Amino acid sequence: MDSWPIKASTQNGPEVHTEATTAKRDNWGNDIEFLMSCIALSVGLGNVWRFPFIALENGGGAFLIPYIITLLLVGRPIYYLEMILGQFSSRGSVKVFEYAPIMKGIGYGQAILTFFIATYYSSLMALTLHYLVDSFYATLPWSYCREEWGDQCIDSKIQRDGTPKVVRNITGVKKTSAEFYFVNIVLHEKANIDDGIGVPNWRLAITLAVSWLVIGGVIIKGIKSSGKASYFLAIFPYVIMLVLLVRSLTLPGAFDGVLFFLTPQWDRLLDAKVWYAAVTQVFFSLTVCYGIILMYASFNRFRHNIYRDCNIVTSLDTCTSLLSGIVIFGILGNLAHESNNPDIKSVVKSGPGLAFISYPDAIAKFEAVPQIFSALFFLMMFILGVGSNVGVISSVITVICDGFTTIQRWVVVSVMVVICYCFGLMYITPGGQFIMNYIDFYAVTLVAIVLGIFELIAASWVYGVKNICRDIKFMLKIKTSIYYRICWGIVTPVFMTAVLIYMLVDYEPLKYNDTLYPEGLYALGWCISAVGIGQLLIWGFYTAYTAPQYSFGQRFKIAFKPTSEWGPLDTTTLKEYREYVQSFEESCAPKRKGFWFKFYDNIFG
């Protein structure tokens, strides 16, 4: 690595690493708090809410192999990389780019997309609170059909007289009362949004406000408060999920659904759409390329064993996704059995609402006090939402607090909670699911993939895999395996680039429930994506322009090199690190010229 060529205070304005500055940086109360917070963040709504309907839309078992391969080639390497960069530098998702200042627009772009995630995650929490309140009725309101739903509805609850349900007529397959309830009573969903999205549901507006009050209360004091809450947020959901697992597997026909979920359909491995879905699900499930893991790791003690934590969290995340998939597909198998419909995929409406249809349907079949199980389940869903959203919105708040150090944290938190609440109201309108699907694609998924590719390029090729491995050796005293070196340098960025190219080449106008959006929204969507991705250019040119060099070309070139302040935040450790780097460079063999040697040396050197 080149020596520190410029003063950070003159190029990018980061704070000087004095003892006073170091003392202001929060730290986790203990190592377990960090692990539990990562589990609460990564093992959350992405697993229980999103994974089942993504798997259903991509062939059930056909999705598992691409998902696991993608986890190993994309998810785990990026997760470990973000942990390393965050803990090594003790900086948030913007200031960490002191290792490649011209790339700090990645951090700002990720802050924008995490803001959007926070707003629609909170709307899901509002839905869970709605169901939680409804769980205390003497009869679960989604367990029976209303007269106005006609003969196309079948009760979700089990008939006590054992009368079989006849669910087919000349008009096709009937729907459960749980699905009617979600679409017609909870969402009041519109067939299209050509005439607007409507006004917010007042009940959901209240539950949305409660959701943000809880989130605000958890994060108001930073990691000191969220770390303590992480124990409950990480452990309690598993207790409820195991109860639901037992119940779903005891339903008639459940094993047919589980078999559909676990049986690979090898021909689907050649379907690029399945691989694209796997990549986006890994992003959501592990919350990589959003800057959140990096932010959490920045509060660790310098020598904390994140290699162990990375393996624990990524493995547990996969197991949780499989567990939730078995629960959901067990329920779908039961629905197929009751409706005499061999096509498991067609027995329920797919999409983001799947968890609010299949889970309630299963709970309605509990013969003993279903209200208790319902309340516990939706409390679990709410807690999963809190665990996920605490990390998501904390990442945005950390960027703001790092940029405006004179503003007190509680002020930033209060303002962000109000803004996110107001923004989230559009998701709880009759057209809210249209907007959620729209924002998820244009403002989150597309932007995350592009910024993720540039994040890997910045770390692996601008800063260098060789330098990352050197920093790991200094910090953790371990040698980085060939697996991580090859993934960071070659496999992961190539894999993600291929997915992005496919995504753009195969692009079709976005739909929700096979319904197109108004024409003008497609142009607006690409503008939203451009704002997030455009942060790269905006901050890249700003960084080069403000660098104190003789010409723009020199300023541009120097912006690719680490600042003089890059390294551990603690001044004593920083001094040791600089001595270590000097010794490392002196011990290296004389550099040979040539592209291929540099390529090889960066990955294997």
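Cut-off values and rules
- Per chain, the residues get numbers from 1 upward, laid out in the order the sequence is written.
- With pLDDT at 70 or above as the cut-off, local features in this predicted model cover only qualifying residues; side-chain atom pairs require 80 or more to be listed or tallied, and sums for whole chains, interfaces and linings still use all residues.
- Each side-chain value is worked out from all heavy atoms of the structure, with water and hydrogens disregarded.
- Where helices and strands are cited, they refer to DSSP runs of H or I of at least four residues and of E of at least two residues respectively, numbered from the N terminus.
- Atoms considered for the radius of gyration are the C-alpha atoms alone. The globule rule reads 2.2 Å times the number of residues to the power 0.38.
- Burial status follows relative accessibility: with a 1.4 Å probe on protein chains alone, a residue under 20% of its type maximum counts as buried, one over 50% as exposed, and anything between as partly exposed.
- By definition in these notes, contact holds between two residues if any of their heavy atoms fall within 4.5 Å.
- Here an angle of 0 to 180 degrees is reported between the N-to-C directions of two axes, which are lines fitted to C-alpha atoms, with helices fitted over the stretch in contact.
- Roughly parallel means an angle under 35 degrees; roughly antiparallel means over 145; roughly perpendicular covers 65 to 115; every other angle is labelled oblique.
- Handedness of a helix crossing follows the sense of rotation of the near helix relative to the far helix, less than a right angle counterclockwise being left-handed and clockwise being right-handed.
- Gly is put with the polar residues, along with every residue not named as nonpolar or charged; the nonpolar set is Ala, Val, Leu, Ile, Met, Phe, Trp, Tyr, Cys and Pro, and the charged set is Asp, Glu, Lys and Arg.
- Like-charged residues within 9 Å of one another, or nonpolar side chains (Val, Leu, Ile, Met, Phe, Trp, Tyr) within 5 Å, are grouped into patches, provided each residue has over 30% relative accessible area and no salt bridge.
- Working definition of accessibility: Shrake-Rupley area with a 1.4 Å probe, residue cover restricted to the visible protein chains.
- Whenever a carboxyl oxygen of Asp or Glu lies within 4 Å of a side-chain nitrogen of Lys or Arg, that contact is scored as a salt bridge.
- Residues counted as positive are Lys and Arg, residues counted as negative are Asp and Glu, and His and the chain ends are not counted.
- In this description, the location of a charge corresponds to atom NZ of lysine, CZ of arginine, CG of aspartate or CD of glutamate.
- Any helix carries an expected span of 1.5 Å times its number of residues minus one.
- N or O atoms closer than or at 3.5 Å make up a polar contact, with two conditions inside protein: a donor-capable atom paired with an acceptor-capable one, and, for residues adjacent in sequence, both atoms drawn from side chains.
- A pair of aromatic rings is counted whenever rings of Phe, Tyr or Trp (Trp by its six-membered ring) have centres within 6.5 Å, and the orientation is called stacked for planes under 30 degrees apart, edge-to-face for over 60 and tilted otherwise.
- In this scheme, Lys NZ or Arg CZ marks a charge over a ring once it lies within 6 Å of the ring centre and within 35 degrees of the ring normal.
- Per-residue confidence from the prediction method is given by pLDDT, with values spanning 0 to 100.
- Residues enter a nonpolar core if they are buried and are Ala, Val, Leu, Ile, Met, Phe, Trp, Tyr or Cys, with the set joined through side-chain atoms within 4.5 Å.
- Note that a disulfide, as used here, is simply two cysteine sulfur atoms within 2.5 Å.
- To get the bend at a residue, fit one axis to the 7 residues ending there and another to the 7 starting there, then take the angle between the axes.

1. Quick word on the overall build of the protein
- When you go through the protein residue by residue, the secondary structure sums to 22 helices and 6 strands.
- Relative to a compact globule of 605 residues, whose C-alpha radius of gyration would be 25 Å, the protein shows 25 Å and is just as compact.
- Structurally, the protein occupies a C-alpha span of about 85 × 50 × 45 Å along its principal axes.
- Counting every position in the protein, which comprises 605 residues, the buried fraction comes to 60%.
- Put simply, 83% of the contacts in the protein that link residues at least 6 apart link residues at least 24 apart.

2. Focus on the packing of helix H8 (residues 202-219) against helix H16 (residues 409-424)
- The contact between H8 and H16 brings their axes to 10 Å, and the two run at 160°. Relative to H16, the element H8 is oriented roughly antiparallel. Crossing hand, H8 versus H16: right-handed. For the pair formed by H8 and H16, the contact residues are Ala205, Leu208, Ala209, Trp212, Gly216 and Ile219 on the first element and Arg409, Val413, Val417, Cys420, Tyr421 and Gly424 on the second.
- Looking at side-chain class alone, the contact of H8 with H16 contains 9 nonpolar, 2 polar and 1 charged residues.

3. Some remarks on a positive patch on the surface
- On the surface, a cluster of positive charge is contributed by Arg303, Lys473, Lys477 and Lys479.
- Looking at the secondary structure, you find Lys479 in the loop between helix H17 (432-476) and helix H18 (482-505).

4. Focus: helix H11 (residues 272-286)
- Spanning 15 residues, H11 covers 21 Å between terminal C-alpha atoms, matching the ideal 21 Å at 1.5 Å per step.
- Between a side-chain oxygen at the N-terminus of H11 and the backbone nitrogen of Lys273 the separation is 3.0 Å; the capping residue is Asp271.
- Just downstream of H11, Thr287 is the residue with a positive phi angle, here 55°.

5. Some details on the packing of aromatic side chains
- Going through the model one piece at a time under the given rule, you end up with 51 aromatic pairs.
- Taking the centre distance of 5.8 Å and the plane angle of 55° together, the rings of Phe51 and Phe63 count as tilted. Here Phe51, found in helix H4 (residues 45-57), pairs with Phe63, found in helix H5 (residues 61-89); they are 12 residues apart in sequence, far enough to count as distant.
- What makes Phe51 buried here is its relative accessible area of 0%.
- Between Phe441 and Tyr507 the ring centres are 6.2 Å apart and the planes differ by 25°, which places this aromatic pair in the stacked class. Of this pair, Phe441 sits in helix H17 while Tyr507 sits in the loop between H18 and strand E5 (511-512); the two residues are 66 residues apart in sequence, bridging distant segments of the chain.
- Here the aromatic cluster, defined as three or more aromatic residues joined through ring pairs, consists of Phe88, Phe97, Tyr99, Phe302, Tyr463, Phe474, Trp566, Tyr577 and Tyr580.
- Sitting above the plane of the Phe474 ring, Arg303 keeps its charged end 5.0 Å from the centroid.

6. Here's the deal with the confidence of the model for the protein
- When the pLDDT values of the protein are averaged, the result is 83; 90% of them are 70 or greater.
- Confidence drops under a pLDDT of 50 for residues 1-23, and excluding neighbours within four residues, the segment shows 60 contacts in the predicted structure.
- Counted against residues more than four places away or in other chains, residues 162-171, with its pLDDT under 50, gives 19 contacts.

7. With respect to the nonpolar core
- With 187 residues, the main nonpolar core has Trp49, Tyr99, Tyr120, Phe283 and Ile393 as its most contacted residues.
- Top element by residues in this core is H17. It accounts for 27 residues.

8. Digging into the packing of H5 against H11
- For the pair H5 and H11, the least separation of the axes is 8 Å and the interaxial angle reads 50°. Accordingly, the angle class assigned to the pair H5 and H11 is oblique. Judged by the twist between their axes, the crossing of H5 over H11 is right-handed. Between H5, through Ala62, Phe63, Pro66, Tyr67, Ile69, Thr70, Leu71, Val74, Gly75, Arg76 and Tyr79, and H11, the contact on the second element is made entirely by Val274, Trp275, Ala277, Ala278, Val279, Gln281, Val282, Phe283, Ser285 and Leu286.

9. Brief notes about the pattern of salt bridges
- Here the structure, examined in full by the defined rule, presents 7 salt bridges.
- With a shortest N-O distance of 2.9 Å, Arg203 and Asp134 are connected by a salt bridge. Of the two residues, Arg203 sits in helix H8 while Asp134 sits in helix H6 (residues 105-134), which places them 69 residues apart along the sequence.
- Arg203 sits in the partly exposed class, given a relative accessible area of 28%.
- Between Lys190 and Asp195 there is a salt bridge, with the nearest N and O atoms lying 2.7 Å from each other.
- Overall, Asp195 belongs to the exposed group, its relative accessible area being 64%.

10. Considering the side chain of Ser122
- If you trace the backbone, Ser122 turns up in helix H6.
- Among the polar contacts made by the side chain of Ser122, one reaches the main-chain carbonyl oxygen of Thr119 at a distance of 2.6 Å.
- Excluding residues that lie within four positions of it along the chain, Ser122 makes contacts with Leu208, Ser211, Trp212 and Asn389.

11. A closer look at unusual backbone geometry
- Despite not being glycine, Ser90 shows a phi value in the positive range, around 55°.
- Along the chain, Ser90 turns up in the loop between H5 and H6.
- Unlike most non-glycine residues, Cys289 shows phi in positive territory, near 65°.
- Note on placement: Cys289 falls in the loop between H11 and helix H12 (292-297).

12. Describing the state of the cysteines
- Under the counting rule described, the total for this entry stands at 1 disulfide.
- Two residues share a disulfide in this structure: Cys145 and Cys153, whose sulfurs sit 2.0 Å from each other. Disulfide Cys145-Cys153: torsion about the S-S bond near -85°, hence left-handed.
- For Cys145, a relative accessible area of 22% corresponds to the partly exposed category.
- Cys38 carries a free sulfur, and the closest cysteine sulfur to it, the one in Cys310, is 9.4 Å from it.
- Overall, the relative accessible area of 0% leaves Cys38 in the buried class.

13. Re H4
- Relative to the 18 Å expected for 13 residues at 1.5 Å per residue, H4 spans 18 Å between its end C-alpha atoms, a close match to the ideal helical length.
- When the local axis directions of H4 are compared, the greatest deviation, roughly 40°, occurs at Phe51, which is followed within four positions by the proline Pro52.
- H4 sits mainly inside the fold: 12 of its 13 residues count as buried.
- Of the residues one or two after H4, Gly59 is the one with positive phi, at around 90°.

14. Here's the deal with a nonpolar patch on the surface
- A cluster of nonpolar side chains, Phe454, Ile457, Trp461, Ile490 and Val494, forms an exposed patch at the surface whose accessible area comes to about 380 Å².
- Where the nonpolar patch is concerned, the elements lending two or more residues are H17 and H18.
- No other element matches H17, which puts 3 residues into the nonpolar patch.
- Within the secondary structure, Phe454 sits in helix H17.

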